[in-house]
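# Breakdown of the fold
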Amino acid sequence: MAGHNKWSQIKRKKGALDAKRSKIFTKLIKEITVAVKVGGSDPDGNPRLRLAIQLSRAANMPKDNIERAIKKGEGSDAGDYHEVTYEGYGPSGVAVFVECLTDNINRTVQNLRTMFNKSGGSLGTSGSVEYLFDRKGVFVAKLDPEQPVNEDELLLDLADGGAEEVEFEEGYVTIYSAMEDFGAMQKKAEELQLDLESAELQRLPQTTVKIEDPEVVRKVLKLIDALEDDDDVQKVYHNLELSEEVLAELE
């Protein structure tokens, strides 16, 4: 179970796509607001809110911003947000899955269709690419270099919490669980006092599309950047794989 799995390489190379987070606070505030509206303002009794607060802290969001978002969720001006997903294909058949929180579905779908069309891709129907992704719990914890970890013992403890796979790499441990075990895995991580930097449900591609033409890759990355910059978009998943050679040309 330990070691590098097939997603390690993808995850590292995806770092360049995740670097642009100019609107991260806006998206986190919206998630906190919706979490409170759906499940209440007590983080202990609302796992979604607890997670949103953890992610906000990891993003260095000021405490005042978090508290204002919680109060907004409790109030009548919380907004009527809809949780919707969209699927499509970018250039060269790269599968793209988009999760949104929006108060205007018509605006959102129009904006997304325009972005896909401009990239040379197309917005698809529901279910057109969802089957290409597995929904997994993904937890990333920072390891304390001053306190060496017994990897074998930690593996056993994490397995008790529902971990399917564990990676140790460069001072971090990444834990994968089944979607239905997300809550149990989160509790186990807290029980083990792991320094979680992120904990979320992700859509991991079952297979990837490797593109060697840097210009085509740029078009795909431009689409992903545009989607991530949209205020209605919370998360974007794709199955693009970047080779070291293409990365070098992009730099």
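Calculation rules
Residues numbered from 1 in each chain as written. Predicted model: local features only at pLDDT ≥ 70, side-chain atom pairs only at ≥ 80, totals over all residues. Heavy atoms only, no water. Helix = DSSP H or I, 4+ residues; strand = E, 2+ residues; numbered from the N terminus. Buried < 20%, exposed > 50% of the residue type's maximum accessible area, 1.4 Å probe, protein only. Contact = heavy atoms within 4.5 Å. Areas by Shrake-Rupley, 256 points an atom, 1.4 Å probe, with all protein chains shown as cover. Pairing = 2+ DSSP bridges. Axes fitted to C-alpha atoms, helices over the stretch in contact; angles between N-to-C directions. 1 Å grid on protein atoms, 1.4 Å probe; cavity = no way out; pocket = protein on both sides within 12 Å on 5 of 7 lines; lining within 4 Å. Points joined across faces, edges and corners; volume = space filled by probe spheres on them. Nonpolar A, V, L, I, M, F, W, Y, C, P; charged D, E, K, R; others polar. Core = buried A, V, L, I, M, F, W, Y, C linked by side-chain atoms within 4.5 Å. Parallel < 35°, antiparallel > 145°, perpendicular 65-115°, else oblique. Left-handed = near helix turned anticlockwise from the far one by under 90°. Patch = residues over 30% accessible without salt bridge, like charges linked within 9 Å, V, L, I, M, F, W, Y side chains within 5 Å. Salt bridge = Lys/Arg side-chain N within 4 Å of Asp/Glu carboxyl O. Lys, Arg positive; Asp, Glu negative; His and termini not counted. Charge placed at Lys NZ, Arg CZ, Asp CG, Glu CD. Expected span 1.5 Å × (residues − 1). Arc of directions from axis to C-beta. Polar contact = N/O pair within 3.5 Å; in protein donor to acceptor, adjacent residues only side chain to side chain.

### Details of the overall build of the protein chain
Helix and strand content of the protein chain: 9 helices and 10 strands. In the protein chain, which comprises 251 residues, the proportion classed as buried is 46%. For the protein chain, restricting intrachain contacts to residue pairs at least 6 apart in sequence, the fraction spanning at least 24 positions comes to 73%. Only carbon and sulfur atoms are counted for the fraction: they give 47% of the accessible area of the protein chain, which is about 13100 Å².

### Quick look at the environment of leucine 247
Here leucine 247 shows up in helix H9 (residues 244-250). Remark: the alpha-carbon pair of leucine 247 and proline 214, spanning 33 residues in sequence, is separated by 8.3 Å.

### What to know about the sheet that holds strand S5 (residues 163-169)
As summarised here, the arrangement of the 4 strands in space is S5-S6-S4-S7, forming an open sheet in which the pairing is antiparallel. Whereas interior strands pair on both sides, the edge strands pair on one side only; in this sheet they are S5 and strand S7 (195-205). Taking each pair of neighbouring strands and ignoring which way they run, the sheet shows an average axis angle of 20°. Looking at chain direction, strand S4 (residues 133-142) and strand S6 (residues 172-178) are connected through 7 bridges and run antiparallel.

### Considerations on the layout of surface pockets
The space that makes up the second largest pocket amounts to roughly 250 Å³. Every residue lining the second largest pocket is counted, 13 residues in all, and those nearest its centre are Leu143, Val149, Leu192, Gln193 and Leu194. Grouping the constituent residues of the lining of the second largest pocket by class yields 6 nonpolar, 3 polar and 4 charged.

### Comments concerning the nonpolar core
One finds Val96, Val98, Leu112, Ile211 and Leu227 to be the most contacted residues of the largest nonpolar core, which totals 25 residues. The leading source of residues in this core is helix H8 (residues 214-229), at 7 residues. Dropping the residues within four chain positions of it, valine 98 is found in contact with Val84, Thr85, Tyr86, Leu112, Leu227, Val233, Lys235 and Val236. Leu154, Ala163, Phe168 and Ala199 belong to the second-largest nonpolar core, a separate cluster that totals 16 residues.

### Examining the packing of helix H2 (residues 24-39) against helix H4 (residues 63-74)
Any two packed helices are characterised by the angle at which their axes cross and by the distance between the axes. The contact between H2 and H4 brings their axes to 7 Å, and the two run at 40°. When the axes of H2 and H4 are compared, the pair comes out oblique. Here H2 and H4 pass one another in a crossing that is right-handed. In contact with Phe25, Ile29, Ile32, Thr33, Val36 and Lys37 of H2, H4 contributes Asn65, Ile66, Ala69, Ile70, Lys72, Gly73 and Glu74. In terms of residue class, the contact of H2 with H4 is made up of 7 nonpolar, 3 polar and 3 charged.

### With respect to the packing of H2 against helix H3 (residues 47-58)
Across the interface, H2 lies against H3 with an axial gap of 9 Å and an inter-helix angle of 160°. What the angle tells us is that H2 and H3 run roughly antiparallel. Pair H2 / H3 crosses with left-handed handedness. For the pair H2 and H3, contact is made by Leu28, Glu31, Ile32, Val34, Ala35 and Val36 and by Arg48, Leu49, Ala52, Leu55 and Ser56, respectively. Residue composition of the contact of H2 with H3, by class: 8 nonpolar, 1 polar and 2 charged.

### Quick notes on a negative patch on the surface
Taken together, the side chains of Glu151, Asp152, Glu153, Asp157 and Asp160 present a region of like negative charge at the surface. For glutamate 153, the location among the structural elements is in helix H6 (residues 151-160).

### A look at helix H5 (residues 105-119)
With 15 residues, H5 should cover 21 Å at 1.5 Å per step; its first-to-last C-alpha distance of 21 Å lies within 8% of that length. By the burial criterion, the buried members of H5 are Thr108, Leu112, Met115, Phe116 and Ser119. Each buried residue of H5 lies within a common arc of 95° when the element is viewed along its axis, so the set occupies one face. For H5, the exposed residues lying more than 90 degrees away from the buried face are Asn106, Gln110 and Lys118. The inward-facing, buried residues of H5 contact strand S1 (82-89), strand S2 (95-102), strand S3 (122-123), H8 and strand S9 (233-238). Of the residues flanking the start of H5, the one acting as N-cap is asparagine 104, its side-chain oxygen 3.3 Å from the backbone nitrogen of asparagine 106.

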